[in-house]
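The residues making up each chain are set out below.
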Amino acid sequence: MNRYSLFLSAFVILIAFAQTPQAPLPVVRGYTDAEAQQRKPFEQRLRAMAEANRIREFMTRMAAEPHHAGSNGGKAVAEYALEQFKSFGLEARIETFDVLLPYPVQRSLEVVAPDRKVARLREAPLPEDPDSQDAEQLPTFHAYSANGDVTAQVVYANYGRREDFELLRQKGIDIRGKIALVRYGRVFRGMKPKVAAEFGAIGCIVYSDPRDDGYWHGFVYPKGPFRPRTGVQRGSVMDLPLHPGDPLTPGKPSIPSTPRLKLEQAATLTKIPVMPVSWEDAKLIIDQMNGPMAPPEWRGSVPSPYHLGPGPAAVRLRVENDNATRTIRNVIAHIRGSEFPNEYVIYGNHHDAWVNGAADPVSGAASVMEAARVLAKAYKGGWRPKRSIAFALWDGEEFGLLGSTEWAEKHKDSLLKNAVAYFNSDTVLRGPLGIQGSAVLSRFIEEWMRDFPDPGARRSLLEANSKQATELSPLGSGSDYTAFAHHLGIPSLNAAYEGNMSGVYHSNYDTLRWFQYFGDPDFLYTTSFAGFMVTGLSRLADATVLPYDFSRVRDYLSRNVQDLKKQAKGKPLQWDALDREIERFEAVRRTYWNQLRAAYPKFGKADRAKIQKLNEALYTSEQLWLRPEGLPGRQWYKGQLSAPGKYTGYGAKPLPWIREAIEDQDYDQAQKGIQALAESTAAVAERLRLIGKLASEL
């Protein structure tokens, strides 16, 4: 599920924040300056060990055939990855879960009035790309659509956002009892049928408009990278902002001992049938629409006038999915740490695709495998990381982050106690680096980028990105970091070299040919990304004291609270308690940081048990931002610093409890959110006092 369509990931990193002048800053947090200097040649050797030929080999094998979750092709890819991890010398296993995983049984769409037309509902094979003709392709469909057979007039509703349906209502256009025609983009696809149903629609059709990812931008595939006229974006329409994972086992792992909900009890399933189509098929409907012209900003590039309706175009939409339970397979490998073996850093990417998935996800999965090979080779050469490193290739991500969520729920207790951080990737293409992550990792990421070369120029990644943004973007959802960051409170990041694959996203044109022509032709960026990740993984795993920094957490709190005050100006909200806790947090943070910096020279000689206690206090501090009751109306999401928006799906909402209550004009709920955040801020400040005390005792 590459999140190109949200485009909320900033090409990050970070401005320097003024520090107190008395003690020099370490060159690399977590290390003495002498250790950092000694480490430089090691990190240079590590990144030089990543090989383009290896990336090409992994991708060629994994993207050779369709391999959607639960399929024989998916099983073969998991078994290949397991074989490779073991060949590197790693301990590795496959861990399975049985989950609700629907496949399509029947799909049809026809215009029944005024003139009958039948939609193709199939992507045309291309002679230039044999993989576009592969057998075992999963048909174009939306996973977790409601089954149904509905006939009604059509209303065009732009991107299918709440504000789009609200504008239709203001114009006197009634969506009740109608079928909504909406285009992809701006919000997660699952929000479109959800909102359509809330406004009374009985069905939803989602199409790819060429203004967004087709010929409007340039040549279409196979001549160029953009979506051809028959291209369709498959995808899940699970209500991810409620919870990801198996819809029938919310908050619990999908294993035999877990009771399962009945299908009609599952809150994340859509209420109406929904279907994805190409712009060629959408044109059959648009051509026969009438009513007011759509506003100029609603008009795409289908060569036909954009009328709002309703009708006179009427369609019959039939959707039937089997709602079967199928097996998914996560592949897990690890390197055991030498000093703190129970502490571990996890690096994950999914391996399932909607079809061949060369870009999404195989480019990222191949980088995980190459990172594992490089670090395994370093281990054979004598390197012993202080902490353990785990590598994960998740299954079922495309359907709704199934593999990673079920695994995190199953291993919750161990993760809460021992997981230091989770690194995630999804798709790697030729383009600038993008990172989103937990604010506590900001300084670590800044130094990591400072010390790594930009593959496209003679400069560091930090120099390449410093003009683009001033802060680390918070995490929303849409990829496998979600359970770790938002449910368990594990410091997390999501990284990629970001190119534009929108033209083939989730289609049968996401193939090796497309990737080698338009994604990363010489495998420069995928290879560099593997080197980038081994640098960060090894640096975090080897640090005597974890390089977390809370100044950016304070900045994040202050900035977003001020933003919310502006939004709620004149409303009955009391901010004083939260303001006081943020001020106290900053005072404690300065003291703790001075204590920690003063302890740096002692790191190498300190008692291991004391160091371990200090580190545990650091990495479990992120859990103090969790609330056991979760966010209002969605208990699974427990973090207060960020979450996907209820009606964005992927895009992050900073301080979501307060922000969304203000947006809903529910000021009683907003006040509860302010109080909850003040309590958590106080708890983290107390933790920093403890960390400072532990540091001074080294």
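The structure presented is a predicted model; accordingly, all values stated were derived computationally and were not measured.

Caption draft 1: Geometry of the sheet that holds strand E10 (residues 314-321). With respect to topology, seven strands assemble into an open sheet ordered E3-E2-E10-E5-E6-E7-E9, the strand pairing being mixed. Either end of the sheet is taken by a strand with one partner, and the two such strands are strand E3 (117-118) and strand E9 (274-277). Looking at chain direction, strand E7 (residues 203-207) and E9 are connected through four bridges and run parallel. Each residue of the ladder has a partner; that of Ile-205, found in E9, is Met-275. Sitting on the sheet, helix H7 (residues 279-286) is in contact with strand E2 (104-113), E3, strand E5 (148-156), strand E6 (179-183), E7, E9 and E10, with an inclination near 125° to E7.

Caption draft 2: Here's a closer look at the sheet that holds strand E11 (residues 325-335). Strand order in the open sheet made by the seven strands is E1-E11-E13-E12-E14-E16-E15, with mixed pairing throughout. Each edge of the open sheet is held by one strand with a lone partner, namely strand E1 (91-100) and strand E15 (433-437). For this sheet, the mean angle separating the axes of adjacent strands, direction not counted, is 20°. The sheet contact formed by strand E14 (residues 419-424) and strand E16 (residues 492-497) spans three bridges and is parallel.

Caption draft 3: Expanded view of the packing of helix H17 (residues 551-567) against helix H20 (residues 656-663). Closest axis-to-axis distance for the H17/H20 pair is 10 Å, and the angle between their directions is 15°. Judged by the inter-axis angle, H17 sits roughly parallel to H20. Of the two possible hands of crossing, H17 and H20 adopt the one that is left-handed. Across the interface between the two elements, Asn-560, Asp-563, Leu-564 and Gln-567 from H17 touch Ile-658, Arg-659, Ile-662 and Glu-663 from H20.

Caption draft 4: Here's a closer look at the packing of aromatic side chains. Tallied over the entire structure, the rule returns 32 aromatic pairs. Measuring from ring centre to ring centre gives 6.0 Å for Phe-141 and Trp-354, while their planes differ by 85°; the resulting arrangement is edge-to-face. Note that Phe-141 is positioned in the loop between E3 and strand E4 (142-143) and Trp-354 in the loop between strand E12 (340-350) and helix H8 (358-380), a separation of 213 residues in sequence. Just as Phe-141 is buried, Trp-354 falls in that class too. Summarising the aromatic geometry, the rings of Tyr-221 and Tyr-509 are spaced 6.0 Å apart at their centres and angled 55° between planes, so their arrangement reads as tilted. A residue pair is termed long-range when its members are at least 10 positions apart, and Tyr-221 in the loop between helix H6 (210-213) and strand E8 (235-236) and Tyr-509 in the loop between E16 and helix H15 (512-519) qualify at 288 residues. When its relative accessible area of 0% is taken as the criterion, Tyr-509 is described as buried. Aromatic rings pair up to connect Phe-423, Phe-444, Trp-448, Phe-452, Tyr-497, Tyr-525, Phe-529 and Phe-532 into one cluster. Positioned above the aromatic ring of Tyr-647 is the side chain of Lys-194, whose terminal nitrogen or guanidinium carbon lies 4.7 Å from the ring centre. Over the ring of Phe-219 we find Lys-223, and its NZ or CZ is 4.0 Å from the ring centre.

Caption draft 5: The arrangement of H20 in detail. Of all eight residues in H20, seven are buried; the element is thus mostly enclosed. All of the buried residues along H20 are Pro-656, Trp-657, Ile-658, Arg-659, Glu-660, Ala-661 and Ile-662. Turning to H20, the residues buried within the fold contact H17, strand E17 (642-644), strand E18 (652-654) and helix H21 (667-696). Looking at the residues trailing H20, positive phi occurs at Gln-665, about 60°.

Caption draft 6: Spotlight on the environment of Gln-233. Within the fold, Gln-233 resides in the loop between H6 and E8. Along the backbone, Gln-233 and Val-206 are 27 residues apart, and their C-alpha atoms lie at a distance of 9.0 Å. In this structure the side chain of Gln-233 is engaged in a polar contact, spanning 3.2 Å, whose partner is the side chain of Arg-189.

Caption draft 7: Geometry of the packing of helix H1 (residues 33-48) against helix H16 (residues 524-542). With their axes 8 Å apart at the nearest point, H1 and H16 run at an angle of 140° to one another. For the element pair H1 and H16, the recorded crossing hand is right-handed. Together, Arg-39, Phe-42, Glu-43, Leu-46 and Arg-47 of H1 and Gly-531, Val-534, Thr-535, Ser-538, Arg-539 and Asp-542 of H16 make up the contact between the two elements.

Caption draft 8: Structural detail: the pattern of salt bridges. In total, this model carries 49 salt bridges according to the counting rule given. Put simply, Arg-387 and Glu-343 hold a salt bridge, and the shortest N to O gap is 2.6 Å. Of the two residues, Arg-387 is situated in strand E13 (residues 387-394) and Glu-343 in strand E12; the sequence distance between them amounts to 44 residues. Accessibility assignment for this pair places Arg-387 and Glu-343 in one class, buried. Within the structure, one salt-bridge network assembled from shared partners comprises Arg-29, Arg-443, Glu-446, Glu-447, Asp-549 and Arg-552.

Caption draft 9: Local environment of the pairing of E14. Burial of E14 is extensive: six of the six residues sit out of reach of the surface. Bridge analysis of E12 against E14 gives five bridges, and the strand direction is parallel. Looking at E14, one finds that Ile-346 is bridged to Tyr-422.

Caption draft 10: A look at the pairing of E5. Of the pairings in the sheet, the one linking E5 to E10 comprises six bridges and is antiparallel in character. Note that in E10 the partner of Val-150 across the bridge is Leu-317. In terms of strand pairing, E5 meets E6 through three bridges, oriented parallel. Its bridge partner lying in E6, Val-154 is registered against Ile-179.

Caption draft 11: Representation of unusual backbone geometry within the structure. Looking along the chain, the bond that leaves Tyr-221 and enters Pro-222 is cis, with omega of 15°. Inspection of the secondary structure puts Pro-222 in the loop between H6 and E8. For the peptide bond that leads from Gly-311 to Pro-312, omega is 0°, which places it in the cis range. Within the secondary structure, Pro-312 sits in the loop between H7 and E10. Notably, Leu-121 is not glycine yet its phi reads approximately 55°, a positive angle.

Caption draft 12: Region of the structure containing the nonpolar core. Grouped together as the largest cluster of nonpolar side chains are 176 residues, with contacts concentrated most on Phe-85, Phe-391, Phe-399, Phe-423 and Tyr-548. For Phe-85, the residues in contact, after removing those within four places along its chain, are Leu-90, Ala-92, Val-331, Ala-333, Met-369, Ala-372, Phe-391 and Leu-393. In this structure, Val-155, Val-274, Ile-286 and Met-289 belong to the second largest nonpolar core, which totals 46 residues.

Rules of the game
- Residues numbered from 1 in each chain as written.
- Predicted model: local features only at pLDDT ≥ 70, side-chain atom pairs only at ≥ 80, totals over all residues.
- Heavy atoms only, no water.
- Pairing = 2+ DSSP bridges.
- Helix = DSSP H or I, 4+ residues; strand = E, 2+ residues; numbered from the N terminus.
- Contact = heavy atoms within 4.5 Å.
- Axes fitted to C-alpha atoms, helices over the stretch in contact; angles between N-to-C directions.
- Parallel < 35°, antiparallel > 145°, perpendicular 65-115°, else oblique.
- Left-handed = near helix turned anticlockwise from the far one by under 90°.
- Phe/Tyr/Trp six-rings, centres within 6.5 Å; stacked < 30°, edge-to-face > 60°.
- Buried < 20%, exposed > 50% of the residue type's maximum accessible area, 1.4 Å probe, protein only.
- Lys NZ or Arg CZ within 6 Å of the ring centre and 35° of its normal.
- Polar contact = N/O pair within 3.5 Å; in protein donor to acceptor, adjacent residues only side chain to side chain.
- Salt bridge = Lys/Arg side-chain N within 4 Å of Asp/Glu carboxyl O.
- Core = buried A, V, L, I, M, F, W, Y, C linked by side-chain atoms within 4.5 Å.

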